[in-house]
Amino acid sequence: MKKFHIILFLSLILNFAKAQQWTNYTYANGLVYNSVNAVAIDNNDIKWFGTADGLSKFDGVTWTNYTTANGLSGNVVRSIAVDSQNNKWLGTEDGYGYNCKIAKFNGVNWTIYSPSFLDTNSIWSIAIDAQNNKWFGTSRGVLKYDGTNWTTYTTSAGLLNYGVNAIAIDANGLKWFGTNGGLSMFDGTNWTNYTTANGIPINFIYSIAIDSLGNKWIGTQNYGLFKFDGFNWTFYSTGNGLASNCVHSIAIDNTGIKWFGTGNGVSKFDGTNWTTYRTNNGLINNQVYAVDIDLMGNKWFGTMGGVSEFCDNTINSIENIQLNNNILVYPNPVLNNLTIEVPQKAVIEILNIEGQIIKTINDSEKKTTIDLKNLSNGIYMINIKTDNEFVTKKFIKE
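Cut-offs used in this document
Residues numbered from 1 in each chain as written. Predicted model: local features only at pLDDT ≥ 70, side-chain atom pairs only at ≥ 80, totals over all residues. Heavy atoms only, no water. Helix = DSSP H or I, 4+ residues; strand = E, 2+ residues; numbered from the N terminus. Rg over C-alpha atoms; globule rule 2.2 N^0.38 Å. Buried < 20%, exposed > 50% of the residue type's maximum accessible area, 1.4 Å probe, protein only. Contact = heavy atoms within 4.5 Å. Areas by Shrake-Rupley, 256 points an atom, 1.4 Å probe, with all protein chains shown as cover. Lys, Arg positive; Asp, Glu negative; His and termini not counted. Charge placed at Lys NZ, Arg CZ, Asp CG, Glu CD. pLDDT = per-residue confidence, 0-100. Pairing = 2+ DSSP bridges. Phe/Tyr/Trp six-rings, centres within 6.5 Å; stacked < 30°, edge-to-face > 60°. Axes fitted to C-alpha atoms, helices over the stretch in contact; angles between N-to-C directions. Salt bridge = Lys/Arg side-chain N within 4 Å of Asp/Glu carboxyl O. Polar contact = N/O pair within 3.5 Å; in protein donor to acceptor, adjacent residues only side chain to side chain. Core = buried A, V, L, I, M, F, W, Y, C linked by side-chain atoms within 4.5 Å.

### A word on the overall build of the chain
Item 1. Along the chain, the regular secondary structure elements total 1 helix and 36 strands.
Item 2. Over its C-alpha trace the chain gives a radius of gyration of 20 Å, about what one expects of a compact globule, namely 21 Å for 398 residues.
Item 3. In terms of principal-axis extent, the alpha carbons of the chain reach across some 55 × 50 × 50 Å.
Item 4. Looking at the chain as a whole, 54% of its 398 residues qualify as buried.
Item 5. Contacts in the chain between residues at least 24 apart in sequence constitute 45% of all its contacts with a sequence separation of at least 6.
Item 6. For the chain, the exposed surface amounts to about 16400 Å²; the carbon and sulfur share of it is 45%.
Item 7. Side chains of the chain give 28 positive and 30 negative charges; the mean places of these two sets differ by 2 Å.

So this is what it looks like as structure tokens:
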């Protein structure tokens, strides 16, 4: 953990110096391969990149690469997710849907899973729920793994379409699947499906992210982006300011700003204004397949031509978090007890790195202490909702 804090401290210094700056990484810098399909940030703020020819790990200084020669189950890495124990889960194959497998990596040892359902079945997306179930979106349906048993969900169960490109899990534990045939929601028993027949502009969905208000942001193949608040659909396209109508990936930062990886650059949307970033601004390649956001607020983009890191000076201090003049969260990092001081009663939520709520306090006192000693070490989020505001910040459990 001491090494982790040194890396974070150095990152803070570098961020203050960077302001708005792009840093690009390719094979020449240590990346295993330039075409990057997936990006994930683990609980220690280490960056992981799934490429078309191996897996790369970057700790901010050193690159470490993994291929089939040292344990990886297949060199084409389509998807990555990180669980609360900091295990990395990867969807791999040998290419073109051949020899598809799931790999788990704990940092030392590999565990390879090859349920018969996979075979020639690419794993396009992975999500992990609050109960630590793993959900895999594949080219032939959904796989769920509870640590012992595998469960398959296909069109016969209620899923709209076999091809599942994206998965997101909301604060109520509902699973949302973006497919080649529309949007499916699963509550654990029943399926609810959305297609062009009931609101969405196109059935081919590439990406999904869910914001702190529960809005679903959904990227499509060639018809732009839409937001679903549970009742109404709002559409965005290049006509509104989106960089491209092909939206491969979505991430939402801790200020609520949305970042979209598209077929022609990166789009940033603050709810009112759109900003586009392309190669002429510093992005390494305009075909952006993946995006994630690290502890410091830096954005990491996986593209067809390498990795781009964007520092826009959105810095989260690892010291005590002063959210505004009236809200205080301390200590940070926290060992056992986290204290929250608010000017009025509030709803307080603790979320894991995947965004699932793991602890809720309703109608808190003005000073509340939360026992976190049983939480695993890593990065967590805290939501604080009062009558006047809603704030979200990250903290470290050690």
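Further notes follow.
### Some points on the confidence of the model for the chain
Item 1. Of the residues in the chain, 91% reach a pLDDT of 70 or more, and the chain-wide mean stands at 89.
Item 2. A low-confidence stretch, residues 1-18 (pLDDT under 50), is modelled with 33 contacts involving residues beyond four sequence positions or located in other chains.
Item 3. Note on residues 314-322: pLDDT under 50 across the span, and 37 contacts to partners over four residues away in sequence or across chains.

### What about the pairing of strand β10 (residues 123-128)?
Item 1. Among the 6 residues of β10, 5 are classified as buried, and the element is accordingly described as predominantly covered.
Item 2. Here β10 runs beside strand β11 (residues 134-138); their pairing, made up of 5 bridges, is antiparallel. Bridge pairing in β11 places isoleucine 126 opposite phenylalanine 136.

### A short note on the packing of aromatic side chains
Item 1. For the coordinates displayed, the defined rule picks out 49 aromatic pairs.
Item 2. Both rings, one in phenylalanine 136 and one in tryptophan 150, keep their centres 6.0 Å apart while their planes meet at 35°; by these two values the pair is tilted. With phenylalanine 136 in strand β11 and tryptophan 150 in strand β13 (residues 150-153), this residue pair connects regions lying 14 residues apart in the sequence.
Item 3. For tryptophan 150, a relative accessible area of 28% puts it in the partly exposed group.
Item 4. Here the aromatic cluster, defined as three or more aromatic residues joined through ring pairs, consists of Trp176, Tyr194, Phe226, Phe228, Trp233 and Phe235.

### Description of the sheet that holds strand β4 (residues 54-58)
Item 1. Taken together, the 4 strands give an open sheet; going across it, the order is β2-β3-β4-β5, and neighbouring strands pair in antiparallel fashion. In the strand order of this sheet, the two ends are held by β2 (36-41) and β5 (63-66), each with one partner. Put simply, the sheet's adjacent strands are angled 20° from each other on average, direction ignored.
Item 2. Bridging between β2 and strand β3 (residues 47-51) involves 5 bridges; their strand directions are antiparallel. Bridge pairing in β3 links valine 36 to threonine 51.

### Regarding the pattern of salt bridges
Item 1. Applying the stated criterion across every chain yields a total of 11 salt bridges.
Item 2. The partner of arginine 78 in a salt bridge is glutamate 93, with the nearest N and O atoms 3.2 Å apart. Taken as a pair, arginine 78 in strand β6 (residues 76-82) and glutamate 93 in strand β7 (residues 88-93) lie far apart in primary sequence, 15 residues in all.
Item 3. Note that lysine 175 and aspartate 129 form a salt bridge whose closest N and O atoms lie 3.8 Å from each other. Here the residue lysine 175 occupies a position in strand β15 (residues 175-179), and aspartate 129 occupies one in the loop between β10 and β11, the gap between them amounting to 46 residues.
Item 4. Taking the relative accessible area as the measure of exposure, lysine 175 reaches 10% and is therefore buried.

### A look at the side chain of glutamate 309
Item 1. Inspection of the secondary structure puts glutamate 309 in strand β28 (residues 306-312).
Item 2. Judged by its relative accessible area of 5%, glutamate 309 falls in the buried class.
Item 3. Within polar-contact distance, the side chain of glutamate 309 engages the side chain of tyrosine 25 at 3.0 Å.

### A closer look at the sheet that holds strand β16 (residues 182-186)
Item 1. Within the open sheet, the 4 strands sit side by side as β14-β15-β16-β17. Their pairing is antiparallel. Each having just a single partner strand, β14 (164-169) and β17 (191-194) make up the two edges of the open sheet. Neighbour to neighbour, the strand axes of the sheet diverge by 20° on average, direction disregarded.
Item 2. As paired elements, β16 and β17 share 4 bridges and run antiparallel to each other. Following the sheet pairing, methionine 185 is matched in β17 by threonine 192.

### Digging into the nonpolar core
Item 1. Ranked by internal contacts, the top residues of the largest apolar core, which has 16 residues, are Leu338, Ile340, Ile350, Ile382, Ile384 and Phe395.
Item 2. Looking at this core, the elements that each hand over two or more residues are β31 (337-341), β32 (347-351), β35 (378-385) and β36 (390-397).
Item 3. Per-element accounting of this core gives the leading share, 3 residues, to β35.

### Some words on the environment of asparagine 203
Item 1. Mapping asparagine 203 onto the fold places it in the loop between β17 and β18 (205-210).
Item 2. Distance from asparagine 203 to asparagine 264, taken between C-alpha atoms, is 21 Å for residues 61 residues apart in sequence.
Item 3. Beyond its immediate stretch of four places on either side in the chain, asparagine 203 contacts Thr179, Asn180, Gly181, Gly182, Thr195 and Thr196.

### Considerations on the side chain of threonine 339
Item 1. Here threonine 339 shows up in strand β31.
Item 2. Setting aside residues up to four positions removed in sequence, threonine 339 forms contacts with Leu328, Val329, Tyr330, Lys367, Thr368 and Thr369.

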